[in-house]
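Residues per chain are reported as follows:
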Amino acid sequence: MTRGLAFLAVLCAALLASPALRAGCVNPPGVNGEAIYNADHNVMQFCDGASWISMAASGYATEVDPKVGALESSKWCSSNGTVIACTENAPVSGAGGSSGQVQYNTGTGLGGAAAVTYATSGDLLMLTSQAATDTPLVIKGAADQTGNLLEFRDSADTLLVTVSAAGVIGGSGASLTNLDAGALASGTIPDARFPATLPASSGANLTALNAGNISSGTVPTVRLGSGTADLSTYLRGDGAWSSVSAGTTLPDCTDGQAIMRLGGAWVCKDNWTCYFTWTEHTGAGSRDWWGIASSSDGAKLAVAPHGGHIYTSSDSGATWTQRTGAGYRYWSTIVGSSDGTRLAAGVYDGYIYTSSDSGATWTARTEAGDRNWYGIANSSDGARLAAVAQNDYIYTSSDSGATWTARTGAGSRNWRAIASSSDGTKLAAVVRSGYIYTSGDSGATWTEYTGAGDRDWRAIASSSDGTKLVAVAYNSYIYTSSDSGATWTQQAGAGSRGWFGIASSSDGSNLAAGVYGGYIYTSSDSGATWTQQAGAGSRDWFGIASSSDGTKLAAGVWRNYIHTGVGTCD
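Okay, the environment of Ser464 next. Checked against the element boundaries, Ser464 lands in the loop between β36 (455-462) and β37 (469-476). On a C-alpha basis, the gap between Ser464 and Ser420 in space is 7.9 Å, while along the polypeptide they are 44 residues apart. Apart from the residues within four sequence positions on either side, Ser464 is in contact with Ser421, Ser422 and Ser506.

Spelled out as structure tokens, the structure:
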């Protein structure tokens, strides 16, 4: 500090101060009224007899680097760490509102927010009494908001639900059990969310429905044929609605009869009678033909000899191709899918072989074992197979023969033949010198039916739905059932003969049976009446197969040729 200024301060203090006021300051020493310049802080200070006082803070001088900023009367002071400013209003005193209400500054005091309460017992902040038209809570983001607007977390700080700045809600949605499907704007609904069965509906928009899938209701006449259907027209065989010629009088038929035109006249018919034209096919040679299979349209045939190669035809037997892929074997049975693509054949004292290309190539199915296979049946698509072996069990496959399951429920017996419904669910098998057995669950369980008797059963056939069955016994009669084998009827019309083969149309109405050392017999009324097909000759008929409508037949003869018959039914 300046020595002259200090001397002047001391001299003034000595002349003016009375002895009672000359108490001193310390650090540095000074007396009341003495003034000094503090070079360390660049400020003038004076001694008030006890402490050094800043002249700037007291309003006597101005600091170059002030420590006190703006001062306002009756205002409260606050500091930002550098300057003390006294410009703040004094805190509002006096709480407003009721217990539990959240307080807010009204500008002149404290108020209570009635719509916002705080429950101390559960540490809950609640919105309670807002008006129905009010928005309870508004969270407003910044203009450049990037973080979430809202987050919900559990007690372990696990993030549960988020609301992004774009308004997208994030979370698993597992608890949304009543979500309206109309709110789904994107994504795929899983199959499990659809009902097991479709609800009943009119089907008016099903424009490509297969008629085979119609189980009830009435098909409109416009869907039955071309032309106009009314009381004066009838549906012709070519699918056209036609008017009866002038002067023609239709017979008054009884319920259940069909009006048919035969020989230029209209007659009432109780049933159809089919007349077959037979052709002998020598292309596959004269062999011990045992098994034979036909596609649903009768165009594709497959035959298996008991000692030789399998042969196939794609033109209803006109020409034949030898299939050497499965080898020269003692075949006992063969079946095919509806389209003739998938084939399955069994060997007596050997394996089962399958083909998925109409017999071009074959695969030995060794898993089913080396057995005396006698009969095979299949579903219409060839996926489900069922086979029987002599003095053994029934075996089934649901994967076209890749794997097999022994069905021991029916026992080990002298099985001879087996038949299947088109879906492979209903099976029926016969025992040589035994009874008939059926299954309604693809072979899992079996029921023995003694109604048809203990006989030398040789063959059995089934309608597509498995309801109508027909079985033949050697030196006995033909037996039919219309209730999946529960009851049986002896059809004596064709006589007691050496029956060896049987075939059925899809609906079970057209039947064909072959006699070993006799003729082929056909029926168009589910076995009630029979017609001897003398045109095919008396032979040792073995296996016989039919098209789905029963108008095309193919049969094999022991030590002879393959014969086919084309029927005309009236």
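Structure shown, so let's carry the discussion forward.
To continue, consider the environment of Thr363. Mapped onto the elements of the fold, Thr363 is located in strand β27 (residues 363-365). Residue Thr363 is classed as partly exposed on the basis of its relative accessible area of 37%. Linking Thr363 and Gly401, residues 38 residues apart in sequence, is a C-alpha distance of 9.3 Å. Those residues within four positions of Thr363 in sequence are excluded, and the remaining contacts are Ile352, Tyr353 and Thr354.

This part is about the pairing of strand β34 (residues 436-439). A two-sided burial pattern is seen for β34, the buried positions comprising Ile436 and Thr438 on one face and Tyr437 and Ser439 on the other. Alignment of strand β33 (residues 427-434) against β34, held across four bridges, turns out to be antiparallel. By the bridge assignment, Val430 is partnered in β34 with Ile436. Adjacent in sequence and paired antiparallel, β33 and β34 are bridged by one residue. In the sheet, β34 pairs with strand β35 (residues 447-449) via three bridges, with the strands oriented antiparallel. Counterpart to Thr438 in the pairing with β35 is Thr447.

This brings us to the packing of aromatic side chains. The final tally for this structure, using the stated rule, is 16 aromatic pairs. Relative to Tyr311, the ring of Trp289 has its centre 5.8 Å away and its plane inclined at 85°; by these criteria the two rings are edge-to-face. Of this pair, Trp289 sits in strand β20 (residues 287-294) while Tyr311 sits in strand β22 (residues 310-313), placing them 22 residues apart in sequence. For Trp289, a relative accessible area of 1% translates into the label buried. One aromatic cluster in this structure is built from Trp290, Tyr348, Tyr374, Tyr474, Phe500, Tyr516, Phe542 and Trp558.

The next point concerns the pattern of salt bridges. Applying the stated criterion to the full structure yields six salt bridges. Between Asp392 and Arg371 there is a salt bridge whose closest N-O contact spans 2.9 Å. Of the two residues, Asp392 sits in strand β29 (residues 385-392) while Arg371 sits in strand β28 (residues 371-378), which places them 21 residues apart along the sequence. Notably, a salt bridge pairs Arg432 with Asp456, separated by 3.1 Å at the nearest N-O pair. A residue pair is termed long-range when its members are at least 10 positions apart, and Arg432 in strand β33 and Asp456 in strand β36 qualify at 24 residues. Using a relative accessible area of 30% as the deciding quantity, one classes Arg432 as partly exposed. Judged by its relative accessible area of 18%, Asp456 is buried. One continuous salt-bridge network, built from bridges that share partners, spans Glu151, Arg153 and Asp157.

What follows covers the state of the cysteines. For the structure on display, the rule yields two disulfides. Between the sulfur atoms of Cys25 and its disulfide partner Cys47 the distance amounts to 1.7 Å. On the sign convention where negative is left-handed, the bridge of Cys25 and Cys47, at about 90° about the S-S bond, is right-handed. Of this pair, Cys25 sits in strand β1 (residues 24-25) while Cys47 is found in strand β4 (residues 43-47), placing the two residues 22 residues apart along the sequence. We classify Cys25 as buried; its relative accessible area is 4%. Between the sulfur of Cys77 and that of Cys86 lies a disulfide, 1.6 Å long from S to S.

Rules of the game
- Residues numbered from 1 in each chain as written.
- Predicted model: local features only at pLDDT ≥ 70, side-chain atom pairs only at ≥ 80, totals over all residues.
- Heavy atoms only, no water.
- Helix = DSSP H or I, 4+ residues; strand = E, 2+ residues; numbered from the N terminus.
- Contact = heavy atoms within 4.5 Å.
- Buried < 20%, exposed > 50% of the residue type's maximum accessible area, 1.4 Å probe, protein only.
- Pairing = 2+ DSSP bridges.
- Phe/Tyr/Trp six-rings, centres within 6.5 Å; stacked < 30°, edge-to-face > 60°.
- Salt bridge = Lys/Arg side-chain N within 4 Å of Asp/Glu carboxyl O.
- Disulfide = S-S within 2.5 Å.

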